[in-house]
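Each chain, letter by letter, is given below.
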Amino acid sequence: MPKSSNDTLSPEIIKILKIFGFGSLLLVFLLSFFNERRANNTGEGTTVMRMADPDRLYFKNVRAAYYDREGREDAKMTIYRFGKRVQEAETPLLNLSILVNTLKDEAYIYIEPTPEEFPIKIRWTAKDGSQSGELNFDNGDKFAHFAFVEELYPLVLANHDFKWWIGAEWKPILQDEKERDSIRITCVDYFKLINNPK
């Protein structure tokens, strides 16, 4: 008489499968307590200068056409400078550049003063004279450049008057609309690139 399917597994094999199954579950459970590296889906820990793929593609395919491009193979970066910026003038110039680091998926904004003298001291005054202040920049890393641009950008948008302390005197800067547009457009494109609405 043929045996039923329940008789094909002997009690010893069932006992071994139970021990192995429970042992495996216990091992996985214990190891989960020692796993320090966990997925971070909160968005915390990412830098302020991080580029998302859609923003990078938009910049590269749409906005980059308005910029002069310089590839820096030594640094694995691409530098973008606004094409319609003022490059030569009798007064000092303050231009910005966007550096795209594709290896780290980050973008940086850098100040390119002419003349290249640091520290930079800029005095701003509202058109009606009701407000005034100073911006100081001693050069530095990507975070220092970013912080300075974050201070300068709203002042340019507010159409304030600017003077730069150079050679023991205050010299006017950002008087020309083309100079202001260069700062404004570069900032708009940069903040969109890092998905930081300003």
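Before reading on, note that the structure itself is shown above.
Quick caveat, the model's predicted, so the values are computed rather than measured.

## Quick look at a nonpolar patch on the surface
Consideration 1: On the surface, a nonpolar cluster with roughly 790 Å² of combined accessible area is contributed by Leu 26, Leu 27, Phe 29, Leu 30, Leu 31, Phe 33 and Phe 34.
Consideration 2: Residue placement: Phe 34 occurs in the loop between α1 (11–33) and α2 (53–61).
Consideration 3: Overall, Phe 34 belongs to the exposed group, its relative accessible area being 65%.

## A word on unusual backbone geometry
Consideration 1: Thr 114 connects to Pro 115 through a cis peptide bond whose omega is 5°.
Consideration 2: Within the element layout of this structure, Pro 115 appears in the loop between β4 (106–114) and β5 (120–125).
Consideration 3: The omega angle of the peptide bond from Phe 118 to Pro 119 is 0°, so this bond is cis rather than trans.
Consideration 4: The topology assignment puts Pro 119 in the loop between β4 and β5.
Consideration 5: Positive phi, close to 75°, is recorded for Asn 139, a residue that is not glycine.
Consideration 6: With respect to the helices and strands, the residue Asn 139 is situated in the loop between β6 (132–137) and α3 (142–157).

## Structural notes on the pairing of strand β2 (residues 77–82)
Regular strands show a simple pattern: their side chains alternate between the two faces of the sheet.
Consideration 1: In terms of burial, β2 is a largely internal element, six of the six residues being buried.
Consideration 2: Every second residue of β2 is oriented toward a common face, with Met 77, Ile 79 and Arg 81 on one face and Thr 78, Tyr 80 and Phe 82 on the other, all of them buried.
Consideration 3: Summarising the sheet, strand β1 (residues 67–72) and β2 pair through six bridges and their orientation is antiparallel. Pairing of Tyr 67 across the sheet is with Phe 82, part of β2.

## Some thoughts on the packing of α2 against helix α4 (residues 177–193)
The axes of two packed helices give the description: the angle between them and the distance between them.
Consideration 1: Packing of α2 against α4 leaves a shortest axis separation of 8 Å and a crossing angle of 145°. Across from Asp 55, Arg 56, Tyr 58 and Phe 59 in α2, the residues of α4 making contact are Asp 189, Lys 192 and Leu 193.
Consideration 2: Across the contact of α2 with α4, the residue classes break down as three nonpolar, no polar and four charged.

## Quick look at the packing of aromatic side chains
Consideration 1: Per the counting criterion, the structure on display carries eleven aromatic pairs.
Consideration 2: Pairing Tyr 67 with Tyr 80 gives two aromatic rings, centres 6.5 Å apart and planes at 90°, and the pair type is edge-to-face. One end of the pair, Tyr 67, is in strand β1; the other, Tyr 80, is in strand β2, with 13 residues separating them in the sequence.
Consideration 3: Just above the ring of Tyr 58 sits the side chain of Lys 192; from NZ or CZ to the centre is 5.0 Å.

What counts, and where the lines are drawn
Residues numbered from 1 in each chain as written. Predicted model: local features only at pLDDT ≥ 70, side-chain atom pairs only at ≥ 80, totals over all residues. Heavy atoms only, no water. Patch = residues over 30% accessible without salt bridge, like charges linked within 9 Å, V, L, I, M, F, W, Y side chains within 5 Å. Areas by Shrake-Rupley, 256 points an atom, 1.4 Å probe, with all protein chains shown as cover. Salt bridge = Lys/Arg side-chain N within 4 Å of Asp/Glu carboxyl O. Helix = DSSP H or I, 4+ residues; strand = E, 2+ residues; numbered from the N terminus. Buried < 20%, exposed > 50% of the residue type's maximum accessible area, 1.4 Å probe, protein only. Pairing = 2+ DSSP bridges. Axes fitted to C-alpha atoms, helices over the stretch in contact; angles between N-to-C directions. Contact = heavy atoms within 4.5 Å. Nonpolar A, V, L, I, M, F, W, Y, C, P; charged D, E, K, R; others polar. Phe/Tyr/Trp six-rings, centres within 6.5 Å; stacked < 30°, edge-to-face > 60°. Lys NZ or Arg CZ within 6 Å of the ring centre and 35° of its normal.

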